[in-house]
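Survey of secondary and tertiary structure
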Amino acid sequence: IPVSIQAPVGPNRTITVTAFNAASPPLKIFGGTLPGVNLTAGAPVNLEITLVRLFTVNVEKQGNGSGTVTSSPAGIDCGGTCSGQFQQGVTVSLNAAAAPGSTFAGWSGDCSGTGPCSVTNNATVTARFVVAVATNQLSVVKGGNGSGTVTSNPSGISCGAVCSSQFPTGSSVVLEAVPASGSTFTWSGAGCSGSGACVVV
């Protein structure tokens, strides 16, 4: 595409050309850069710049926590800049870093998991940051010469096999015991007694 540019003379100039589409607002779709150009007074200087198709990476942040998302190569620092354009053929690696008191819970959209997110085409990804929740461990110990099962609400204990679990600090956990045929049960410890439901905070 022939383009005429008038620019001040000078050595070691860098000329960048970008092509836009007809969208509203227009979106960059091609770009090219030519460094090290010496512009002299007088006759026009003929240059050739190769334009490469661009792709767009958008980052959204969700959750009640906070953190940043950066890209390699540079272009996204979210923080402030949550969208960037990169040349076709480039692999963009997104990295999430949680702020103090928060945890990075993972990607969704065009990426998944909690490791670096790599994209090579137009992509929209969501980074979820959550506030870390303090937990306490609740354990059930079965004694006696009988048998039975203990389960929790919310779920986490099924004892049976799983006799301890972490629950958010301050939450109420209801333990239910079911004796096997020929057995009976009673609670002890954690302020529980009798044979009804045991509520532990």
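1. Examining a nonpolar patch on the surface
Among the surface-exposed residues, Ile1, Val3 and Ile5 lie close enough to one another that they form a single nonpolar patch of about 380 Å² accessible area. Positionally, isoleucine 5 belongs in the segment before β1 (10–20). Using a relative accessible area of 51% as the deciding quantity, one classes isoleucine 5 as exposed.

2. So, the sheet that holds strand β13 (residues 158–159)
Strand pairing within a sheet occurs via backbone hydrogen bonds; the two strands may be parallel or antiparallel. Spatial strand order, β13-β12-β15-β16: four strands in an open sheet with antiparallel pairing. At either margin of the open sheet sits one strand with a lone partner, and together these are β13 and β16 (198–200). As paired strands, strand β12 (residues 148–153) and strand β15 (residues 173–179) are joined by six bridges and run antiparallel to one another. The residue bridging threonine 151 from the neighbouring strand is glutamate 176, located in β15.

3. Describing the side chain of serine 71
With respect to the helices and strands, serine 71 occurs in strand β4 (residues 67–72). The class of serine 71 is buried, set by a relative accessible area of 11%. Reaching out from serine 71, the side chain makes a polar contact with the backbone nitrogen of glycine 75 at a distance of 3.3 Å. In terms of polar contacts, serine 71 uses its side chain to reach the backbone amide nitrogen of isoleucine 76, at 2.9 Å. Excluding residues that lie within four positions of it along the chain, serine 71 makes contacts with Ile76, Phe86, Val92, Ser93 and Leu94.

4. Quick notes on the pairing of β15
Bridge count between β15 and β16: three bridges; the pairing is antiparallel. Along β16, the bridge assignment pairs leucine 175 with cysteine 198.

5. Overview of the sheet that holds strand β7 (residues 92–98)
Here four strands make up an open sheet; going across it, the order is β5-β4-β7-β9 and the pairing antiparallel. For this open sheet the edge positions go to β5 (77–78) and β9 (117–119), each flanked by a neighbour on one side alone. Two strands pair when backbone bridges link them, and β7 and β9 are joined in this way by three bridges, in the antiparallel orientation. Each bridged residue has a counterpart across the sheet, and for serine 93 the counterpart in β9 is serine 118.

6. Focus on the packing of aromatic side chains
Applying the stated rule across the entire model yields four aromatic pairs. Pairing phenylalanine 55 with phenylalanine 86 gives two aromatic rings, centres 6.1 Å apart and planes at 40°, and the pair type is tilted. Pair noted here: phenylalanine 55 is in strand β3 (residues 52–62) and phenylalanine 86 is in strand β6 (residues 83–87), with a separation of 31 residues, a long-range link. With 5.5 Å between their ring centres and 85° between their planes, phenylalanine 185 and tryptophan 187 make a pair best called edge-to-face. When its relative accessible area of 26% is taken as the criterion, phenylalanine 185 is described as partly exposed. According to the relative accessible area criterion, tryptophan 187 is buried, its value standing at 13%.

7. Quick notes on the environment of lysine 142
Counting through the fold element by element, lysine 142 comes out in the loop between β11 (135–139) and β12. Here the alpha-carbon distance between lysine 142 and tryptophan 187, two residues 45 residues apart in the chain, equals 9.6 Å. Discounting chain neighbours no more than four positions away, the residues touching lysine 142 are Gly148, Cys159 and Gly160. A polar atom in the side chain of lysine 142 sits 2.9 Å from the backbone oxygen of glycine 148.

8. Side note on the pairing of β4
The side-chain alternation of β4 yields one buried face, formed by Gly67, Val69 and Ser71, and one unburied face, formed by Thr68, Thr70 and Ser72. Here β4 runs beside β7; their pairing, made up of six bridges, is antiparallel. Within β7, the residue paired with threonine 68 across the bridge is alanine 97. Here β4 pairs with β5 via two bridges, running antiparallel.

The rules behind the values
- Residues numbered from 1 in each chain as written.
- Predicted model: local features only at pLDDT ≥ 70, side-chain atom pairs only at ≥ 80, totals over all residues.
- Heavy atoms only, no water.
- Patch = residues over 30% accessible without salt bridge, like charges linked within 9 Å, V, L, I, M, F, W, Y side chains within 5 Å.
- Areas by Shrake-Rupley, 256 points an atom, 1.4 Å probe, with all protein chains shown as cover.
- Salt bridge = Lys/Arg side-chain N within 4 Å of Asp/Glu carboxyl O.
- Helix = DSSP H or I, 4+ residues; strand = E, 2+ residues; numbered from the N terminus.
- Buried < 20%, exposed > 50% of the residue type's maximum accessible area, 1.4 Å probe, protein only.
- Pairing = 2+ DSSP bridges.
- Polar contact = N/O pair within 3.5 Å; in protein donor to acceptor, adjacent residues only side chain to side chain.
- Contact = heavy atoms within 4.5 Å.
- Phe/Tyr/Trp six-rings, centres within 6.5 Å; stacked < 30°, edge-to-face > 60°.

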